[in-house]
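# Observations on chain architecture
Spelled out, the chains give:
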Amino acid sequence: MTAARQQRKRYRAGIVAFAGLLLALFAVPPAPRAATTEKIVVDWHTGLAIGGYDPVAFYTDGKPMPGTPDLEFAYGGAVWRFCNTGNREAFAARPDVYMPQFGGYDPLGVAHGVAVAGNPSLWLITDGRLFLFYDQDRLKAFTDDPERITGAAERKWPEVLRTLSP
């Protein structure tokens with residue numbers, strides 16, 4: 001193979017590698033990340049609390065329901081979405097009742113002094129409070145001993161809050 005041909009081959013390989021890198025970077029958008037520096041879990045890109053799910057629907061419908069952009073309410077530095085006006089009004093009247101416990105952070109993480117964003121698809125209502133969990137294993141661990149974990153998380157929550165933005 002001539003020197004010129006070898007140089008062209010290396011040049012083409014470099015272009016293919018660069019194109020592959022660009023494709024990898026831009027073909028798949030990054031998953032939305034929840035900010036773990038806020039007192040309430042908020043999506044970095046949208047400013048939505050708990051991924052845009054209606055916090056009241058967990059209680060009324062027994063499942064996570066996505067809220068709509070035309071039914072929003074700003075509270076606690078986050079934007080909350082609702083699936084109907086009744087849910088928005090209920091939340092506006094008593095956000096302390098409907099907000100997820102620990103701002104939407106996983107109670108096991110909080111119990112260990114760490115802010116780990118909960119997932120609205122992994123949830124549980126116990127003692128009238130909504131809890132969100134990072135993964136299925138943490139949800140199961142919580143259901144095995146909710147009183148102990150909640151107590152530990154409540155003791156650690158002020159310390160965790162100090163690590164989060166004002």
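Residues numbered from 1 in each chain as written. Predicted model: local features only at pLDDT ≥ 70, side-chain atom pairs only at ≥ 80, totals over all residues. Heavy atoms only, no water.

### Looking at the environment of Cys83
Within the secondary structure, Cys83 is located in the loop between strand 4 (78-82) and helix 3 (85-93). The exposure class assigned to Cys83 is partly exposed, which follows from its relative accessible area of 24%. Sequence spacing of Cys83 and Asp54 is 29 residues, and the spatial spacing of their C-alpha atoms is 6.2 Å. Setting aside anything within four residues of it in sequence, one finds Cys83 in contact with Asp54, Ala57, Asp61, Met65, Pro66, Gly67 and Leu71. (Helix = DSSP H or I, 4+ residues; strand = E, 2+ residues; numbered from the N terminus. Buried < 20%, exposed > 50% of the residue type's maximum accessible area, 1.4 Å probe, protein only. Contact = heavy atoms within 4.5 Å.)

### Comments concerning the confidence of the model for the protein chain
Per-residue confidence for the protein chain averages 84 on the pLDDT scale, and 76% of its residues sit at or above 70. Scored below 50 in pLDDT, residues 18-37 makes 24 contacts in the model with residues more than four places away or belonging to other chains. (pLDDT = per-residue confidence, 0-100.)

### Re the pairing of strand 6 (residues 129-133)
Burial analysis of strand 6 places 4 of its 5 residues in the buried class, which makes it a mostly covered element. What sits between strand 5 (residues 119-126) and strand 6 in their antiparallel hairpin is a turn of 2 residues, with Asp127 showing a positive phi close to 55 degrees. (Pairing = 2+ DSSP bridges.)

### Quick word on the pattern of salt bridges
Under the defined criterion, the tally for this structure stands at 6 salt bridges. Between Arg94 and Asp96 there is a salt bridge; the shortest N-O distance is 2.9 Å. Accessibility expressed as a relative area gives 42% for Asp96, which makes it partly exposed. Among the ionic pairs, Arg148 bridges to Asp145, the shortest N-O distance being 3.0 Å. Judged by relative accessible area, which is 53%, Arg148 ranks as exposed. Overall, the relative accessible area of 27% leaves Asp145 in the partly exposed class. (Salt bridge = Lys/Arg side-chain N within 4 Å of Asp/Glu carboxyl O.)

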